[in-house]
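# Commentary on secondary and tertiary structure
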Amino acid sequence: MTTINQPTISNGDIARPTYLEINLSQLSHNYQAIQQAVAPAVVMPILKANAYGHGLVEIARHLVSLDVPYLGVAFLEEGIMLRQAGIQTPILVMGGIIGNQIPIFLQHDLTITASSVEKLQQIDTAAQQMGVRAKVHLKIDTGMERIGVHYYNAHTLLEAALQCRHCDVEGIYSHFANADAADLTSAQVQLVRFEGVLAFYAERGMPPPRLRHMANSGGILQLPASHLDMVRAGILLYGVYPAAEVARTVAVRPCLSWKSRVVYFKVVPPHHPVSYGSTWQSDHQVRVVTVPVGYGDGYFRRMSDLAEVIIHGRRYPVVGRICMDQLMVNIEWDSAYNNDEVILLGETDGAVITCEELADWAGTIPYEILTNINTRVPRVYVK
Ligand SMILES: *Cc1c(COP(=O)(O)O)cnc(C)c1O
């Protein structure tokens, strides 16, 4: 068991009763389930945004112990943090780059996304000046309109890549806008466009880059033809499905629970409103407990008067406005004592609160629930 984001205190206990418990064995199971589903393609775990809230370095270390072939992050800084933690696995930085970042990529042996001819040439020049070889993946825009060379101009990038003397162009990729939808028409169109771009190599009788990749979680689940040489597994790796309507063709389970403890118990008389704004009150006497977690931890304030938590295997409503550091729960006339466990997200004794439920209460998607959990919340790793 390892914790992060915690001050060191003498008895070794965690200082704060609110924490995320991350089950690394479940993460292994999810990785293996995805690996089996996509073989012979390989899996690149995506670790952006603090590994979807699970903790960048700890999750990377665990995945490296499973011999993952590649890791993916969004930003240069995330890649540097992994290198500084001693991770030697290849790392693809998927985001757009600015020219003066290139030498830093090269210093840290991070794989660069070349999303235009100009950027590819800058990479080649920087590598030449530094006397190193740059690892590059070419990025093709097949319909996301985010970064990458449009599929209808892609030959310019592919031809420029053939001229680079200081780059190892080991990959070429694209990204789906709608692979998790029930209607896969637009995803199919994107895949056909990407296949059209890849035909460049066959037409010239030359091998394509070693790693052709396109599938995110939605593509892994719903578009086997998009698995190619490698898939980029993000949310699915963490055991959460990318959308409610997606086909659940790979069985995964969440590896994260969010827990806290009761820090205060009281009886609230009828018509005495609870919390800021006095938005909620009971017409009868109730027992209300206070839990030390709030929107300052990433428990969205929008969920006020909507969210539920689990105490002793039963669900109870969060009442009144969620505060920055605390929230109140109506347990009616049941009992709960100081230090009793409160589950905000996760499963116990048959009761469960899912990421999807939190997303519905907050008016968002499971991705944002996970990535929004603040670094103030300690992560505790169990096997
Ligand atoms: C975030 C991201 C992924 C992973 O997406 P999931 O839906 O979480 O699997 C894959 N590829 C790119 C380019 C991304 O930005």
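What you see is a predicted model; the values in this text were computed from it and never measured.

Calculation criteria
Residues numbered from 1 in each chain as written. Predicted model: local features only at pLDDT ≥ 70, side-chain atom pairs only at ≥ 80, totals over all residues. Heavy atoms only, no water. Salt bridge = Lys/Arg side-chain N within 4 Å of Asp/Glu carboxyl O. Helix = DSSP H or I, 4+ residues; strand = E, 2+ residues; numbered from the N terminus. 1 Å grid on protein atoms, 1.4 Å probe; cavity = no way out; pocket = protein on both sides within 12 Å on 5 of 7 lines; lining within 4 Å. Points joined across faces, edges and corners; volume = space filled by probe spheres on them. Nonpolar A, V, L, I, M, F, W, Y, C, P; charged D, E, K, R; others polar. Phe/Tyr/Trp six-rings, centres within 6.5 Å; stacked < 30°, edge-to-face > 60°. Buried < 20%, exposed > 50% of the residue type's maximum accessible area, 1.4 Å probe, protein only. Lys NZ or Arg CZ within 6 Å of the ring centre and 35° of its normal. Near = heavy atom within 4 Å. Polar contact = N/O pair within 3.5 Å; in protein donor to acceptor, adjacent residues only side chain to side chain. Sits in = over half its atoms within 2 Å of the grid points. Patch = residues over 30% accessible without salt bridge, like charges linked within 9 Å, V, L, I, M, F, W, Y side chains within 5 Å. Areas by Shrake-Rupley, 256 points an atom, 1.4 Å probe, with all protein chains shown as cover. Lys, Arg positive; Asp, Glu negative; His and termini not counted. Axes fitted to C-alpha atoms, helices over the stretch in contact; angles between N-to-C directions. Parallel < 35°, antiparallel > 145°, perpendicular 65-115°, else oblique. Left-handed = near helix turned anticlockwise from the far one by under 90°. Contact = heavy atoms within 4.5 Å. Domains from an automatic or database assignment. Buried area = accessible area lost by both parts, 1.4 Å probe.

## A few points about the pattern of salt bridges
Per the counting criterion, the structure on display carries 14 salt bridges. Two residues, Asp334 and Arg314, come together in a salt bridge whose shortest N-O distance is 2.8 Å. Here the residue Asp334 occupies a position in the loop between β17 (327-330) and β18 (341-348), and Arg314 occupies one in strand β16 (residues 314-319), the gap between them amounting to 20 residues. In this structure, Glu357 and Arg315 form a salt bridge, with 2.6 Å as the shortest nitrogen-oxygen distance.

## Details of the layout of surface pockets
For the largest pocket, the calculated volume is near 590 Å³. As for the largest pocket, its lining consists of 31 residues, and the residues nearest its centre are Lys48, Tyr52, Met94, Arg146 and His175. Residue assignment for the lining of the largest pocket shows that the elements contributing at least two residues are α2 (48-52), α9 (217-222), β11 (230-233) and α11 (366-371). Take the lining of the largest pocket: its biggest share by element is three residues, from α2. Partitioned by chemical class, the residues of the lining of the largest pocket number 16 nonpolar, nine polar and six charged.

## A short note on the packing of aromatic side chains
This model, assessed by the stated rule, comprises five aromatic pairs. Their ring planes at 25 degrees and their centres at 4.9 Å tell us that Tyr52 and Tyr238 sit as a pair that is stacked. Of the two residues, Tyr52 is situated in helix α2 and Tyr238 in the loop between β11 and β12 (256-261); the sequence distance between them amounts to 186 residues. Centre to centre, the rings of Phe200 and Tyr201 are 5.1 Å apart; their planes meet at 80 degrees, and the pair counts as edge-to-face. Owing to a relative accessible area of 4%, Tyr201 belongs among the buried residues under this scheme. Counting every residue linked through ring pairs, the aromatic cluster contains Tyr52, Tyr238 and Tyr367. Note that Arg204 overlies the ring of Phe200, its terminal NZ or CZ placed 3.9 Å from the centroid. Looking at Arg287, its charged tip hangs above the ring of Trp333, at a distance of 4.2 Å from the centre.

## Some remarks on the site of the ligand
Around the ligand, the structure places Ile46, Lys48, Tyr52, Met94, Arg146, His175, Asn216, Ser217, Arg232, Gly234, Ile235 and Tyr367. Measuring from a nitrogen atom of the ligand, one finds a side-chain N or O atom of His175 at 3.4 Å. Backbone polar atom of Ile235 to an oxygen atom of the ligand: 2.8 Å apart, as the coordinates give it. Assessed atom by atom at 2 Å from the grid points, the ligand resides in the largest pocket.

## Remarks on a nonpolar patch on the surface
The grouping of Phe265, Val267 and Trp333 at the surface amounts to a nonpolar patch, some 270 Å² of accessible area in total. On the secondary structure map, Trp333 appears in the loop between β17 and β18. Residue classification places Trp333 among the partly exposed residues on the basis of a relative accessible area of 44%.

## Looking at the side chain of Arg379
Take Arg379: it is sitting in strand β20 (residues 379-382). In this structure Arg379 is buried but unpaired, with Asp297 as the nearest side chain of opposite charge at 8.1 Å. For Arg379, the side chain forms a polar contact with the main-chain oxygen of Gly53, separated by 2.8 Å. Within the structure, the side chain of Arg379 is placed 3.1 Å from the backbone oxygen of Ile373, a separation counted as a polar contact.

## Quick look at the packing of helix α7 (residues 154-163) against helix α8 (residues 185-203)
One way to put it is that α7 packs onto α8 with a least axis distance of 10 Å and a crossing angle of 40 degrees. Overall, the two elements α7 and α8 adopt an arrangement that is oblique. Crossing angle aside, the handedness with which α7 passes α8 is right-handed. Listed contacts from α8 to Ala154, His155, Leu158, Glu159 and Leu162 of α7 are Val197, Phe200 and Tyr201.

## A few points about the domain arrangement of the chain
By a frequent convention, interface size equals the accessible area lost on bringing the separate parts together. Here the domain parsing of the chain yields domain 1 (40-238) and domain 2 (256-382). For domain 1 versus domain 2, the distance between C-alpha centres works out to 39 Å. On the side of domain 2, eight residues touch domain 1, which itself brings nine residues to the contact. Here domain 1 and domain 2 share an interface that buries about 830 Å² over both sides, 67% of which is from carbon and sulfur atoms. Together, Tyr52, His54 and Ile235 form the three largest contributors to the area buried by domain 1 at its contact with domain 2, with a combined 53%. Across the contact surface, domain 1 and domain 2 share zero salt bridges. In this assembly, domain 1 and domain 2 are joined by two residue pairs in polar contact (both at pLDDT 80 or more). For the side of domain 1 that touches domain 2, the leading source of residues is α2, giving three residues. The residue inventory of the side of domain 1 that touches domain 2, partitioned by class, reads four nonpolar, four polar and one charged.

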